[in-house]
Amino acid sequence: MRVLRVFGGVLLWLVATVLLVVALVLCVTVLLMPVGLLLGFAALRLYGVGFRLLLPRSRDVRKGLRKEGRRWRRKMPVPKLSRKRSGWLARTARRVRR
């Protein structure tokens, strides 16, 4: 799935580059300048969409952070606590694991 997103992003960048070149040519003529400006803005928006496709999704980032947090908590040594504190720690750990 990641490969498809990257391929789509690169393809969108190519289309945006062609649109930007056409927009620059249109902006040279005074009569077609409004059309060239609109195409230029569209090209810039396509660059943004392509860039967002190249970045990882926020859902994937959150999932990776949760995974790393679980690994870190498992490796962390359990401190020596009083009986009252250890009960609180066990309840909190059970809540976090859900």
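Here, the structure is the one placed above.
Residues numbered from 1 in each chain as written. Predicted model: local features only at pLDDT ≥ 70, side-chain atom pairs only at ≥ 80, totals over all residues. Heavy atoms only, no water.

Engineer: Looking at this structure, how should I read a positive patch on the surface?
Structural biologist: A contiguous patch of positive charge on the surface is contributed by Arg 59, Arg 62, Lys 63, Arg 66 and Lys 67. The topology assignment puts Lys 67 in helix α3 (residues 58-75). Of the residues examined, Lys 67 reaches a relative accessible area of 42% and is grouped as partly exposed. (Patch = residues over 30% accessible without salt bridge, like charges linked within 9 Å, V, L, I, M, F, W, Y side chains within 5 Å. Areas by Shrake-Rupley, 256 points an atom, 1.4 Å probe, with all protein chains shown as cover. Salt bridge = Lys/Arg side-chain N within 4 Å of Asp/Glu carboxyl O. Lys, Arg positive; Asp, Glu negative; His and termini not counted. Charge placed at Lys NZ, Arg CZ, Asp CG, Glu CD. Helix = DSSP H or I, 4+ residues; strand = E, 2+ residues; numbered from the N terminus. Buried < 20%, exposed > 50% of the residue type's maximum accessible area, 1.4 Å probe, protein only.)

Engineer: Explain helix α2 (residues 33-54) to me, please; I cannot follow it from the model alone.
Structural biologist: Since the α-helix packs 3.6 residues into each turn, any two residues three or four apart lie on the same face. With 22 residues, α2 should reach 32 Å at 1.5 Å per residue; the first-to-last C-alpha distance of 32 Å fits that figure. Of all the residues in α2, the buried ones are Gly 36, Gly 40, Ala 43 and Gly 50. The buried residues of α2 occupy an angular sector of 85 degrees when projected down its axis, which confines them to one face. In α2, the exposed positions angled more than 90 degrees off the buried face are occupied by Leu 38, Phe 41, Arg 45 and Arg 52. Each element contacted by the buried residues of α2 is listed here: α1 (2-28). (Expected span 1.5 Å × (residues − 1). Arc of directions from axis to C-beta. Contact = heavy atoms within 4.5 Å.)

Engineer: How do you make sense of the environment of Cys 27 when you look at a structure like this?
Structural biologist: Checked against the element boundaries, Cys 27 lands in helix α1. Residues Cys 27 and Gly 40, 13 residues apart in the sequence, show an inter-C-alpha distance of 9.2 Å. Every residue in contact with Cys 27, bar those within four places of it in the chain, is listed here: Met 33, Gly 36 and Leu 37.

Engineer: Mind showing me how you'd approach the environment of Arg 5 here?
Structural biologist: Structurally, Arg 5 can be placed in helix α1. Those residues within four positions of Arg 5 in sequence are excluded, and the remaining contacts are Arg 52, Leu 53, Leu 55 and Arg 57. Of the polar contacts made by the side chain of Arg 5, one reaches the backbone oxygen of Leu 55; its length is 3.3 Å. (Polar contact = N/O pair within 3.5 Å; in protein donor to acceptor, adjacent residues only side chain to side chain.)

Engineer: Honestly, the packing of aromatic side chains in this entry has me stumped. Any pointers?
Structural biologist: Geometry of an aromatic ring pair is reported as the spacing of the ring centres plus the angle between the planes. Tallied over the full model, the rule gives one aromatic pair. Seen from their ring centres, Trp 13 and Tyr 47 are 6.4 Å apart, and the 65 degrees between their planes marks the pair as edge-to-face. Linking Trp 13 in helix α1 with Tyr 47 in helix α2, this pair joins segments that are 34 residues apart in sequence. (Phe/Tyr/Trp six-rings, centres within 6.5 Å; stacked < 30°, edge-to-face > 60°.)

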